[in-house]
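# Tertiary structure, described
Okay, here's what each chain looks like letter by letter:
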Amino acid sequence: MTLPIHLGTALEIIAVFCAALSGGLAAVRKNFDLFGVLVLAWATGLGGGLIRDVLIGATPPVGIADWRLLAAAFGGGLLIFVAHPRLERMRRSVIVLDAGALALFVLVGTTKGLEYDVGFLAAVVVGLLTGIGGGILRDLLTGESPLILQDRQLYAVPAAVGAVATAVAWRADVLNVWVQAAIVLGVFGFRLLSIRLGWALPTTPRRRSGPSGMMGG
Amino acid sequence: MTLPIHLGTALEIIAVFCAALSGGLAAVRKNFDLFGVLVLAWATGLGGGLIRDVLIGATPPVGIADWRLLAAAFGGGLLIFVAHPRLERMRRSVIVLDAGALALFVLVGTTKGLEYDVGFLAAVVVGLLTGIGGGILRDLLTGESPLILQDRQLYAVPAAVGAVATAVAWRADVLNVWVQAAIVLGVFGFRLLSIRLGWALPTTPRRRSGPSGMMGG
Amino acid sequence: MTLPIHLGTALEIIAVFCAALSGGLAAVRKNFDLFGVLVLAWATGLGGGLIRDVLIGATPPVGIADWRLLAAAFGGGLLIFVAHPRLERMRRSVIVLDAGALALFVLVGTTKGLEYDVGFLAAVVVGLLTGIGGGILRDLLTGESPLILQDRQLYAVPAAVGAVATAVAWRADVLNVWVQAAIVLGVFGFRLLSIRLGWALPTTPRRRSGPSGMMGG
């Protein structure tokens, strides 16, 4: 078989690899065994796309059928398994890589939804789910309530903006490589900027303190 | 686009809205952020139908493609987010609304399964799952073991009875609007009656007390 | 309807029944109610095949459509519900039955993937998931992080070997009944041997003890 040199595919493989690192790290922190580390790397790297493909009827999903993506996921898991103490110290790099993976997943996922002709809204939803689904699976498999639902960070917001931008550009027939690059950089920059500036989503207002305060939110 | 005035669709939208309230409340109680509240409202309001559509091959599922249903789910989530202290006090109303949503979901879900020609048994199962799937997703996403599996309430039982009744009426070719109304009212009444009368499912018999009693159940 | 006497189907029904026992036991230990016990029996007995069928596009999945498989799952759940104290003492038998179910599920699951023409790799993955998916669902529904990811046992490894062997034999056009029997016995024997000899998967190396040791693994 020939080497995959198509740029889009290459970027997707890199995104899977980066997300797999995050899944592998979560598994190692829970003291999972080698199989558990590989499963978490796979679920985090490819779970978002798996959910997308099931929802748009693209079976079998690339997450179980494309050897390059599976190799990227398991490669990321293995790397974590053998080298995690050093990678633990690279926390800042992991955040940057993860933001890049998010941006790429959203572009790829929304585009695939549109190619399968599921409609604007469904394409935006599966684009968002491609970006955030892997992390949700990672948290559920390690016995945690998904972090993305409660940490108040702007993670899904840049993803949703990117998915809408992709679908709008597709509909306007201007989704060329420059627009794609702008969307990826936009999501990536928005995500990193929100971290640096400490932007946070609201939670429900706490009840004012008082005798009945214990019942609050 | 024209206003949706079809009665069945209108009832389904109301059912999604009611279920979304329950999901939003669960998220607020866990102190989830705004995104988490919206996701829980969506998963609880539309998760049952999403599972149904994936199982019968109806992709993309209406839970990601129909803007009216998505608007109902997110509307319910937003309402909870801004007004939850007042809604917390409406616990009794929420139970009644939830019973109505259950009844509607079962009718709609079973009918859709039959329309997709999946067979009697599969239609009953997806009808049941349409009714209870959202609550199961809600519990899993908030880190809880699903309440419906352990609270001994008759929730799935009225749903299953309604699904069987729907499929029988379909097969007998008598599923007209009056029979549909009877099924919805039957499930709704059965559910509320079981709460008022305290009917409970059995759990496994506890071991008789004694030296080895700690191993029981 | 005529009695199902086809050997392969009969074996699959037995496998579902055995897996359902394991699911029912887990539910009883959590003090789930009758409905919870039946759902856990169903999810454990048929969940792996359900995941497989969704991933290969075989809707509706047999896990909601084939009455014989559903009867086997609910029968296993009911048996546990009424007779669990005696079955608890049969722990050793349950392990043996479970190894047999694993072997059958892997053969059946991989073969079905190949019949649906999903490709070698995807068939191996769905074969593996058919074998291990039910146990993962069982653990998630009882609020546990999946045991298979952390208990260091060789459970997925024999399953993966069996799935690869099945796919290789299919491609070589030699997957006759003798080869099928050899694969099932091989997975079964490999699994039991690994338990008897105490083979274990590695976890990540613990940090050497020391002041910073608490951050390890």
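Its UniProt record gives chain A a comment under Sequence similarities (unreviewed entry), which states: "Belongs to the UPF0126 family." Reading the Subcellular location (unreviewed entry) entry of the UniProt record for chain A gives the comment "Cell membrane".

Helices and strands together make up the secondary structure of chain A, namely eight helices and zero strands. Listing the helices and strands of chain A from first to last along the sequence gives α-α-α-α-α-α-α-α. The globule rule puts the C-alpha radius of gyration for 217 residues at 17 Å, and the 18 Å found for chain A is close to it. Taken along the three principal axes of its C-alpha coordinates, chain A extends 70 × 45 × 30 Å. For chain A, with 217 residues in total, the buried portion stands at 54%. Restricting to contacts in chain A with at least 6 residues of sequence separation, those with at least 24 account for 74%. About 9,800 Å² of surface is accessible on chain A, with carbon and sulfur atoms providing 66% of the total.

Moving on, we come to the relation of the copies chain B and chain C. For the pair chain B and chain C, the superposition axis carries a translation of 0.0 Å, the fit reaches an RMSD of 0.0 Å, and the rotation angle comes to 120°. The superposition of one copy onto the other is thereby described by a three-fold rotation axis. Mapped onto chain C, only 7% of the interface residues of chain B are again interface residues, and the two copies thus contact each other with different surfaces.

Let us look at a nonpolar patch on the surface. Residue and element names in this part refer to chain A. A surface patch of nonpolar side chains, amounting to about 290 Å² of accessible area, comprises Leu193, Leu197 and Trp199. Tracing the chain through its elements places Trp199 in the segment after helix 8 (177–196). Classification of Trp199 as partly exposed rests on a relative accessible area of 39%.

Taken together, the contact pairs 29 residues of chain B with 27 residues of chain C. Together, the buried faces of chain B and chain C total about 2,300 Å²; carbon and sulfur atoms form 70% of this surface. Joining chain B to chain C, the criterion identifies zero salt bridges. For the pair chain B and chain C, the number of links is five residue pairs in polar contact (both at pLDDT 80 or more). Of the residues that constitute the side of chain B that touches chain C, the class distribution is 18 nonpolar, seven polar and four charged.

This next bit is on unusual backbone geometry. Note the cis peptide between Thr59(A) and Pro60(A), where omega equals -5°. Of note, Pro60(A) is situated in the loop between helix 2 (34–56) and helix 3 (62–65). Even without being glycine, Asn31(A) reaches a positive phi, approximately 60°. Note that Asn31(A) resides in the loop between helix 1 (7–29) and helix 2. In this model, Asp117(B) sits at a positive phi of 60°, which is unusual for a non-glycine residue. Within the fold, Asp117(B) resides in the loop between helix 5 (91–115) and helix 6 (120–141). We classify Asp117(B) as exposed; its relative accessible area is 68%.

Residue and element names in this part refer to chain A. Under the local residue numbering, the UniProt record ascribes the feature "domain: Glycine transporter" (unreviewed entry) to residues 10–84 and 96–170. Measuring from the first to the last C-alpha atom of residues 10–84 gives 24 Å, for a span that is 87% helix and 0% strand. Annotated as residues 96–170, this span is 76% helix and 0% strand, and its ends, taken at the C-alpha atoms, are 27 Å apart.

So, on to the interface of chain C and chain A. Residue-level contacts link 29 residues of chain C with 28 residues of chain A. The contact between chain C and chain A buries some 2,300 Å² in all, and 70% of this surface belongs to carbon and sulfur atoms. Linking chain C with chain A are zero salt bridges, by the criterion used here. The tally of links from chain C across to chain A stands at five residue pairs in polar contact (both at pLDDT 80 or more). Sorting the residues of the side of chain C that touches chain A by element identifies helix 2 (34–56) and helix 6 (120–141) of chain C as the ones contributing at least two each. If one sorts the elements of the side of chain C that touches chain A by residue count, helix 6 of chain C sits on top with seven residues. For the side of chain C that touches chain A, the residue count by class is 18 nonpolar, seven polar and four charged.

Residue and element names in this part refer to chain A. Within the element layout of this structure, Leu175 appears in the loop between helix 7 (156–171) and helix 8. Taking the relative accessible area as the measure of exposure, Leu175 reaches 17% and is therefore buried. Each C-alpha atom of the pair Leu175 and Ala165 lies 9.5 Å from the other, and the pair is ten residues apart in sequence. In this structure Leu175 touches Thr111, Thr166, Ala169, Trp170, Gln180 and Ile183, once residues within four positions along its chain are discounted.

Residues and elements named next belong to chain A. At a closest axis distance of 9 Å, the pairing of helix 6 (residues 120–141) and helix 7 adopts a crossing angle of 140°. Relative to helix 7, helix 6 is oriented oblique. The two elements helix 6 and helix 7 meet at a crossing, and its hand is right-handed. Of the residues in helix 7, those touching helix 6 at Phe120, Val124, Leu128 and Ile132 are Ala156, Ala159, Ala160, Ala163, Val164, Ala167, Val168 and Arg171. Taken together, the residues of the contact of helix 6 with helix 7 break down into eleven nonpolar, no polar and one charged.

Side chains carrying opposite charge are able to pair once their charged atoms draw close together. Per the counting criterion, the structure on display carries 15 salt bridges over all chains. Here Asp53(A) makes a salt bridge to Arg52(A), at a shortest N to O gap of 2.8 Å. Residue Asp53(A) shares its accessibility class with Arg52(A), and that shared class is buried. Note that Asp66(B) is salt-bridged to Arg68(B), the shortest N-O span being 3.0 Å. Residue class for Asp66(B) comes out buried when judged on its relative accessible area of 16%. Overlapping salt bridges, with partners in common, bring together Arg52(A), Asp53(A) and Lys112(A) in one network.

Here is what the cut-offs are and how they apply
Residues numbered from 1 in each chain as written. Chains lettered and ligands numbered in written order. Predicted model: local features only at pLDDT ≥ 70, side-chain atom pairs only at ≥ 80, totals over all residues. Heavy atoms only, no water. UniProt positions renumbered as here; feature names shortened; annotations may be inferred. Helix = DSSP H or I, 4+ residues; strand = E, 2+ residues; numbered from the N terminus. Rg over C-alpha atoms; globule rule 2.2 N^0.38 Å. Buried < 20%, exposed > 50% of the residue type's maximum accessible area, 1.4 Å probe, protein only. Contact = heavy atoms within 4.5 Å. Areas by Shrake-Rupley, 256 points an atom, 1.4 Å probe, with all protein chains shown as cover. Least-squares fit on C-alpha atoms with pLDDT ≥ 70 in both. Patch = residues over 30% accessible without salt bridge, like charges linked within 9 Å, V, L, I, M, F, W, Y side chains within 5 Å. Salt bridge = Lys/Arg side-chain N within 4 Å of Asp/Glu carboxyl O. Buried area = accessible area lost by both parts, 1.4 Å probe. Polar contact = N/O pair within 3.5 Å; in protein donor to acceptor, adjacent residues only side chain to side chain. Nonpolar A, V, L, I, M, F, W, Y, C, P; charged D, E, K, R; others polar. Axes fitted to C-alpha atoms, helices over the stretch in contact; angles between N-to-C directions. Parallel < 35°, antiparallel > 145°, perpendicular 65-115°, else oblique. Left-handed = near helix turned anticlockwise from the far one by under 90°.

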